[in-house]
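The primary structure of each chain is shown beneath.
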Amino acid sequence: MRKKLVVGNWKMHLNTSQASLLLHRLHERIKIYRNIEVVLAPTMLVLQPLSLQIDRRKFRLAAQNAYSKDEGAFTGEVSFTQLRELAHYAIIGHSERRIYFHEDLDMIRDKVTAAVRNDITPILCVGETKAEHRAGETKQVLHDQITSAVSNLTAREVAEMVIAYEPVWAISTFQGDLAKVSQIQPMFDFIRNQISELYGKRTADKVRVLYGGSVDENTARGYMDLQGCDGVLVGGASINYHKFSEIVKAAHRSQTAVEDKDNG
Ligand code: PEP
């Protein structure tokens, strides 16, 4: 059964005890939904303690970043190999990494490759900046980001991964505007077409595509009901347990509506 995915990116917020408290509250509020997968991406330091506290029937963990080499003299870095036991997913190519830390296409490709090599599922973030959007370059940007990031992967590996479409101009960090639902559908279609051209339709049908950009409890359902939307990546609203649990509920309702329709 296809599940909707709700990913909470806690960014560089919350120390260990704050994160533990938030997890405790989410435990209380979020039910186990058979058609929803909830993924929490805390700061690196907090992954280990949270992994001991987490109810794995409800949540999975994601790293927000890691380094592409498995081991060695790379001071300050953490490898995907070291994260193997802790994180099921890793966010790769987030716009904050691309913009603030100058991660380029090659670095992101190497990280995606390293994640897959270490059995960690990449959540690859792609999306155009406001200037690129205004210049009508969105499709070219998505094409380049996707083609390059998956270039070392097999069709089967691509089918397992997650791609999050996050227009930079809609992300709260960059004082984002709210994207209209009608603006997102063509981009979802473009992303799947892109994967189809590279790896065939079966792979394109399987790859999970998320939306991210100032999603909150009021807007989540609209994005999630889009054709081919497998869920949402939530930043700011994910550290508010009320908002995040409402987003999870919206995902559950959206997925249940799809299932009801499929079952006639
Ligand atoms: C994000 O961090 O990927 C994100 C989409 O943030 P926000 O929801 O705050 O815009």
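All values reported here derive from a predicted model rather than from experimental measurement.

**Student:** Explanation requested: the sheet that holds strand E8 (residues 231-234) in the structure shown.
**Tutor:** Within the closed barrel, the 8 strands sit side by side as E1-E2-E3-E4-E5-E6-E7-E8. Their pairing is parallel. With strand direction ignored, the average angle separating the axes of adjacent strands in the sheet is 25°. The pairing of strand E7 (residues 208-212) with E8 spans 2 bridges and is parallel. Residue pairing across strands places Gly212 opposite Leu233, the latter belonging to E8. Packed onto the sheet, helix H7 (residues 138-149) meets strand E5 (121-126) and strand E6 (162-165) and runs at close to 155° relative to E5.

**Student:** Looking at this structure, how should I read the nonpolar core?
**Tutor:** Burial of nonpolar side chains together is a common tendency in soluble globular proteins. Counting residues in hydrophobic clusters, the biggest one holds 69 residues, and the most contacted among them are Val6, Leu40, Tyr211 and Phe244. A per-element tally of this core places helix H9 (residues 181-199) first, with 6 residues. Contacts of Phe244, omitting those with residues within four sequence positions, involve Val6, Val7, Gly8, Leu26, Ile30, Val38, Val39, Leu40, Val234, Ala237 and Ser238. One finds Val7, Ala62, Cys125 and Ala164 within the second-largest nonpolar core, a separate group that totals 13 residues.

**Student:** Whenever I open this one, the site of the ligand confuses me. Can you help?
**Tutor:** Near the ligand there are 14 residues, and of these His94, Glu166, Ser172, Ser214 and Gly236 occur at the shortest range. The side chain of Ser172 places a nitrogen or oxygen atom 2.5 Å from an oxygen atom of the ligand. Contact distances for the ligand include 2.8 Å between an oxygen atom and a backbone N or O atom of Ser214. Its residues placed into classes, the shell around the ligand shows 4 nonpolar, 8 polar and 2 charged.

**Student:** Please clarify how a nonpolar patch on the surface should be interpreted in this entry.
**Tutor:** A surface patch of nonpolar side chains, amounting to about 300 Å² of accessible area, comprises Ile99, Tyr100 and Phe101. Topologically, Tyr100 is positioned in helix H4 (residues 95-100). With a relative accessible area of 46%, Tyr100 lands in the partly exposed category.

**Student:** Explain unusual backbone geometry to me, please; I cannot follow it from the model alone.
**Tutor:** The phi angle of most residues is negative, glycine excepted, and most peptide bonds adopt the trans form. Notably, Lys11 is not glycine yet its phi reads approximately 50°, a positive angle. Here Lys11 is to be found in the loop between strand E1 (4-9) and helix H1 (16-29). In this structure Lys11 comes out as buried when scored by relative accessible area, which is 13%. The phi angle at Ser214 is positive, at roughly 55°, despite the residue not being glycine. Position of Ser214 among the secondary structure elements: in the loop between E7 and helix H11 (220-224). Owing to a relative accessible area of 27%, Ser214 belongs among the partly exposed residues under this scheme.

**Student:** Help me out: how do you make sense of the packing of H1 against helix H12 (residues 241-262) in this one?
**Tutor:** Between two packed helices, the angle of one axis relative to the other and the distance separating the axes together describe the packing. Running from N to C, H1 and H12 point in directions that differ by 40°, and their axes come no closer than 10 Å. With respect to each other, H1 and H12 are oriented oblique. Of the two possible hands of crossing, H1 and H12 adopt the one that is right-handed. In this structure, H1 contributes Leu22, Arg25, Leu26 and Arg29 to the contact, and H12 contributes Tyr241, His242, Phe244 and Ser245. A per-class count over the contact of H1 with H12 returns 4 nonpolar, 2 polar and 2 charged.

The rules we used
- Residues numbered from 1 in each chain as written.
- Predicted model: local features only at pLDDT ≥ 70, side-chain atom pairs only at ≥ 80, totals over all residues.
- Heavy atoms only, no water.
- Pairing = 2+ DSSP bridges.
- Helix = DSSP H or I, 4+ residues; strand = E, 2+ residues; numbered from the N terminus.
- Axes fitted to C-alpha atoms, helices over the stretch in contact; angles between N-to-C directions.
- Contact = heavy atoms within 4.5 Å.
- Core = buried A, V, L, I, M, F, W, Y, C linked by side-chain atoms within 4.5 Å.
- Buried < 20%, exposed > 50% of the residue type's maximum accessible area, 1.4 Å probe, protein only.
- Near = heavy atom within 4 Å.
- Polar contact = N/O pair within 3.5 Å; in protein donor to acceptor, adjacent residues only side chain to side chain.
- Nonpolar A, V, L, I, M, F, W, Y, C, P; charged D, E, K, R; others polar.
- Patch = residues over 30% accessible without salt bridge, like charges linked within 9 Å, V, L, I, M, F, W, Y side chains within 5 Å.
- Areas by Shrake-Rupley, 256 points an atom, 1.4 Å probe, with all protein chains shown as cover.
- Salt bridge = Lys/Arg side-chain N within 4 Å of Asp/Glu carboxyl O.
- Parallel < 35°, antiparallel > 145°, perpendicular 65-115°, else oblique.
- Left-handed = near helix turned anticlockwise from the far one by under 90°.

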